[in-house]
Amino acid sequence: MRLATVPIDPPVLLAPMAGITDLPFRRIVAGFGAGLVVSEMVASQEMVQAKSGVREKAELGLGEQATAVQLAGREAHWMAEAARMVEANGARIIDINMGCPAKKVTSASGAGASGSALMKDLDHALTLIEAVVDAVDVPVTLKTRLGWDDDMRNAAELARRAEAAGVQMITIHGRTRCQFYKGSADWAAIRGVADAVSVPVIANGDILGSDDARRALSLSGAAGVMIGRGAQGRPWVLAEVAAAVFGGPRPDVPEGAALAELVAEHFEASLSFYGVALGQKVVRKHLGWYMDTARTPAGLRREVLTASDAAQVRRLLPMAFDACEEAAAA
């Protein structure tokens, strides 16, 4: 798969997840092998105006291989300006968010009825898509849902109109906005979108591993898959899926001391990226997921997550993962 001059190989993508898929984590996932990693959603107007808290998110890995920058917004002017800004700074792909279900994003009293709220007004949604496509030369992609609710499943119509406007790839989460993350993703419903357009469609939602990916592809007719929470604590899972489903090289899955080293590298990268105090808070959830994956004993897990300073975490991490290796050997 290729978007203009940008190869998406393998067609296994990392989903944007607020507070999770920051630059340190995306770099680790990309290092194992992913066709594309997508930045956390960035509010276009806030980024252009450089409001408080957005500069950190603006460290988007611009210019790095296989990275897309995801923009959200409600006004065409700000979407276009943000797109120009990230393209000028090296973005290789720009993704438009029309799928976020969070109330603070979809509510008119929040971020201005953006995200999946835009599926309630496709004419307005198209003005945003056209503004971004017209503003930049890099490929523009779209991520959305099946619709707002079961009475408004209009993803196929949005996809057709987005393709006509110049969007080069469309990712569909197999739920409506009103489902949030409840129930199961309806991969079969994505087929209606894949059949409606000629650009690649990517299936997203509840894809945790290779078996899920195979089933999602079979039911949806999609060209690839996007993985979100399945990568939490397992940044190698995209490479595992790529190997099993698309024939890519199998990753070396770290265990024991090797996993401890990977986690320590992630910890240090977060401290370097955010600063020590904030970095230790931000990375804590990742440490928990890594220890869940490794089945770290509960007492040691708790000790790592409640450690008061970075030096204490550094001391505990090798024990947290060596303990797992020793338990497995026994």
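Residues numbered from 1 in each chain as written. Predicted model: local features only at pLDDT ≥ 70, side-chain atom pairs only at ≥ 80, totals over all residues. Heavy atoms only, no water.

Engineer: What should I look at first to understand the overall build of the protein in this one?
Structural biologist: The helix and strand inventory of the protein stands at 14 helices and eleven strands. Relative to the compact-globule value of 20 Å for 330 residues, the protein shows a C-alpha radius of gyration of 20 Å, a close match. Based on the C-alpha atoms only, the size of the protein along its principal axes is roughly 60 × 45 × 35 Å. For the protein, the residues scored as buried account for 53% of the 330 residues in total. Measuring between centres, the 34 positive side-chain charges of the protein sit 5 Å from its 38 negative side-chain charges. (Helix = DSSP H or I, 4+ residues; strand = E, 2+ residues; numbered from the N terminus. Rg over C-alpha atoms; globule rule 2.2 N^0.38 Å. Buried < 20%, exposed > 50% of the residue type's maximum accessible area, 1.4 Å probe, protein only. Lys, Arg positive; Asp, Glu negative; His and termini not counted. Charge placed at Lys NZ, Arg CZ, Asp CG, Glu CD.)

Engineer: What is the right way to look at the packing of aromatic side chains in this model?
Structural biologist: Centre-to-centre distance and the angle between the planes together describe a pair of aromatic rings. Counted by the stated rule, this structure contains two aromatic pairs. Ring geometry for Phe32 and Trp236: centres 6.0 Å apart, planes at 70°, overall edge-to-face. Taken together, the residues Phe32 in helix α1 (residues 23-32) and Trp236 in the loop between β11 (224-227) and α10 (237-246) connect sequence positions 204 residues apart. Look at Trp236 and you get buried, because its relative accessible area is 4%. Plain terms: the ring middles of Phe273 and Tyr274 are 4.7 Å apart, the flat faces sit at 85° to each other, and that makes the pair edge-to-face. Under the relative-accessibility criterion, Phe273 is labelled partly exposed at 25%. Sitting above the plane of the Tyr181 ring, Arg145 keeps its charged end 4.9 Å from the centroid. (Phe/Tyr/Trp six-rings, centres within 6.5 Å; stacked < 30°, edge-to-face > 60°. Lys NZ or Arg CZ within 6 Å of the ring centre and 35° of its normal.)

Engineer: Got a minute to help me understand unusual backbone geometry in this structure?
Structural biologist: Look at the link from Asp9 to Pro10: it is a cis peptide, with omega at 5°. Checked against the element boundaries, Pro10 lands in the loop between β2 (6-7) and β3 (12-14). Positive phi outside glycine occurs at Asp206, with the angle close to 65°. As for its position among the elements, Asp206 is in the loop between β10 (201-204) and α9 (210-220).

Engineer: How do you make sense of the nonpolar core when you look at a structure like this?
Structural biologist: As a rule of thumb, nonpolar side chains are buried together in soluble globular proteins. Counting 64 residues, the largest nonpolar core has Leu71, Met98, Ile129, Leu142, Leu158 and Leu238 as the members making the most contacts within it. It is helix α6 (residues 122-135) that contributes the most residues to this core, nine residues altogether. (Core = buried A, V, L, I, M, F, W, Y, C linked by side-chain atoms within 4.5 Å.)

Engineer: How do you make sense of helix α12 (residues 276-294) when you look at a structure like this?
Structural biologist: The α-helix advances 3.6 residues per turn, and as a result positions three or four apart in sequence lie on the same side. For α12, which comprises 19 residues, the first-to-last C-alpha distance of 25 Å matches the rise-based estimate of 27 Å (1.5 Å per residue) to within 8%. For α12, the principal kink sits at Arg284 and spans about 35°. Downstream of α12 by a residue or two, Arg295 has a phi angle that is positive, lying close to 60°. (Expected span 1.5 Å × (residues − 1). Bend = angle between axes of the 7 residues up to and from the residue.)

Engineer: Got a minute to help me understand helix α13 (residues 298-305) in this structure?
Structural biologist: Of all the positions in α13, only Leu300, Val304 and Leu305 are classed as buried. One face of α13 carries all of its buried residues, which in axial projection span an arc of 135°. Residues of α13 that are exposed and point more than 90 degrees away from the buried face comprise Ala298 and Arg302. (Arc of directions from axis to C-beta.)

Engineer: Even after reading the chapter, I still don't get the pairing of β10, so can you show me in this structure?
Structural biologist: Successive side chains on a regular strand alternate, one facing one side of the sheet and the next facing the other. Because side chains alternate across β10, one face comprises the buried residues Val201 and Ala203, and the other comprises Ile202 and Asn204, equally buried. Bridge analysis of strand β9 (residues 169-173) against β10 gives four bridges, and the strand direction is parallel. Looking at the pairing, Ile172 lines up with Ala203 of β10. Once you follow β9 into helix α8 (residues 191-196) and on to β10, the crossover reads as right-handed. As a crossover connection, the stretch from β10 through α9 into β11 is right-handed. (Pairing = 2+ DSSP bridges. Right-handed = clockwise from strand over helix to strand, strands pointing away.)

Engineer: Explanation requested: the side chain of Gln232 in the structure shown.
Structural biologist: Secondary-structure assignment places Gln232 in the loop between β11 and α10. The buried category is assigned to Gln232, whose relative accessible area is 18%. With residues near it in sequence (within four places) discarded, Gln232 still touches Met17, Ile20, Trp289 and Thr293. (Contact = heavy atoms within 4.5 Å.)

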